[in-house]
Each structure stands twice: as structure tokens, then as C-alpha cells.
Amino acid sequence: MTTLPTAHSVRTTPEGFLWEPSDRWVRGVKGEVTVVDSRHPVLVWEPGLPVPQYAFPREEVREDLLRPAEHPPTGAHAGSRVFYDLDTGGEPLRNAAWTYPGRDLAGHITFAWFQRRGAGLDHWYEEEEEIFVHPRDPHKRVDALPSSRHVVVEIDGTVTADTHRPVLLFETGLPTRFYLPREDVRLDLFEPTDHSSRCPYKGVAEYWSWRDDADVPSNVLWSYPDPLPAVAAVRGLLAFYNEAVDITVDGERRTRPVTLFTWALHSEPEASRPG
């Protein structure tokens, strides 16, 4: 097995990406087949990508299920040149895995996560907890704190929520989100949709859209009915996109932030993920 330093500090490669060893036990599953079972994963940040990916020692990967890619992409993943198709007995997953260039991670293989252009595995687990969308970033915090602040939400001049019992969710790099008790939200002004999204830090969300004809993006309101344990305080509460509604906190009107969700709210629903 390739030996890497064990100190948890981020390294930079000559090729321009960052990497850091992890102590987490990570498994990746396709159908009924465990493709990755690793106790020595490495987190890798590619240039220009805000979220990390895992790279795994070859000894902890089912290499017998990998085939040289028939149509490897060019210019992807920091200039990677070696790609693999994954064959678990059904339709092969094209370009499902690759190796990074350079010597730092020689002997390691990286896999696309599920819902990434159809190339990824079905399920990923850190220890015994399923993780969605992408690996968690150990340098990012997500804190859900009960509060007594007075939060009022308005849409097109209509008060849609008014509470002194919010839970404030602080997530590195995103605006503060205000999760509100259902009884303090005018849920009758919204209608449920069939949209859902997944977050590696919070879990699976369900959505509602504004019933009126005002220029309000769809799926502007969401909830986590069964959140991950780390943010259990938001269970069943409702949150609005700050980018699309007017929020007043303790009498102070908040400026609508401009984030990646500002454009995502007006594009395909699949592009959105609650913050």
C-alpha cells in the first residue's frame, strides 16, 4: 500500500491541486457491489472546484471491475490522462474513475460521485452514515443554533412568516439561513412540489412553491424532514432562500445576498440545493 504522511495538513502538488489524508472509513457502492472500501482515503481539491473529492489506494478499490476508458475526456480533473469505465455486470459507467497526474497521489484512484453526469456510484458512506452529492469538506463548518431572534419573512409585500423561535444555520461560505417552525409560517400560501435535493451536510430536502402569480422562483421554501444528526435542530422546520425573499431580523431588513443560488433559482430545478 502506498504510504502517505498521516499529519492532517493540506499539501499542494506541482500540478496545482491540494490534498490531505483522511481517517474516515469510506465505501462506495454500485447496485449490490461494493466498489470502494477504504480506510486510507485522501481528500483532493482540484483547481477551480469548491468541493473536494476522494482518492483511494488501489489496494482498497475493486480494480477487477475497471476497464481502460473507451472514450476518455481531455482537459478534465487537473489534466488527468488515465480514465476507467466501471463494469459491475450491467451497462458500463463511462469514465467513472481516473488517476491524478504527478507523483503525489501515484497509486490512487478517484471515482465520480453519484448524480455527477450519470457516471458515479449509487451510494457513498463515511463510517455508517450515507453522504450525498460530494465528500464533506473538513475545513467547512455547519452549525444549527436555536435562537430567540425575531424573524419576519415577506414575499411581494405579504408577510409569510413571523417567529421568535428560529434556528439559525451557519454554513461556511453561505448566507445565514433561518429555519422557522411550521406554525409560524403561512404554509397555506405555498404548494408542495415534487422537487427534492440532497446535501452532504444536511440530508434530503423537500420543497414548496409560492401559489401567487408574483415573480417568485419555484421551490423557494424547503425543509429537511429527516436531517443528518449534526443538524438535527432543523428537523421539520422551514427555510426560505434569502436570495429571493425579504427577511427582517430584529427589525433590520437584510439585503438579499448574491450567491450561486441566485442564478440557480432561475435555472433548472436540479441545479438548486438549499444552503
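The text that follows walks through the structure, step by step, so that each part is easy to find. (Residues numbered from 1 in each chain as written. Predicted model: local features only at pLDDT ≥ 70, side-chain atom pairs only at ≥ 80, totals over all residues. Heavy atoms only, no water.)

## Side note on the sheet that holds strand β2 (residues 18-21)
- Ordered in space as β1-β2-β5-β6-β10-β9-β8-β7, the eight strands form an open sheet in which the pairing is antiparallel. A single partner strand is all that each edge strand has here, and the edge strands are β1 (11-12) and β7 (66-68).
- Looking at chain direction, strand β6 (residues 53-57) and strand β10 (residues 108-111) are connected through three bridges and run antiparallel. Paired with Ala55 across the strands is Thr110, a residue of β10. (Pairing = 2+ DSSP bridges. Helix = DSSP H or I, 4+ residues; strand = E, 2+ residues; numbered from the N terminus.)

## Structural notes on a negative patch on the surface
- Where like charges cluster on the molecular surface, the negative patch consists of Asp156, Asp212, Asp213 and Asp215.
- Topologically, Asp156 is positioned in the loop between β14 (151-155) and β15 (158-163).
- A relative accessible area of 58% means that Asp156 is categorised as exposed. (Patch = residues over 30% accessible without salt bridge, like charges linked within 9 Å, V, L, I, M, F, W, Y side chains within 5 Å. Areas by Shrake-Rupley, 256 points an atom, 1.4 Å probe, with all protein chains shown as cover. Salt bridge = Lys/Arg side-chain N within 4 Å of Asp/Glu carboxyl O. Lys, Arg positive; Asp, Glu negative; His and termini not counted. Charge placed at Lys NZ, Arg CZ, Asp CG, Glu CD. Buried < 20%, exposed > 50% of the residue type's maximum accessible area, 1.4 Å probe, protein only.)

## Description of the side chain of Ser22
- Here Ser22 shows up in the loop between β2 and β3 (26-30).
- On the basis of relative accessibility, which here comes to 10%, the residue Ser22 falls in the buried class.
- One polar contact links the side chain of Ser22 to the main-chain amide nitrogen of Arg24, over a distance of 3.2 Å.
- If we skip the residues at most four places from it in the chain, Ser22 touches Arg39, Pro41 and Tyr54. (Polar contact = N/O pair within 3.5 Å; in protein donor to acceptor, adjacent residues only side chain to side chain. Contact = heavy atoms within 4.5 Å.)

## Looking at the nonpolar core
- Tyr179, Phe190 and Phe240 are the most contacted members of the largest nonpolar core, which totals 40 residues.
- In terms of residue count, the dominant contributor to this core is strand β19 (residues 203-210) (four residues).
- Listed in part, the 21 residues of the second largest apolar core include Tyr54, Phe56, Leu86 and Trp113. (Core = buried A, V, L, I, M, F, W, Y, C linked by side-chain atoms within 4.5 Å.)

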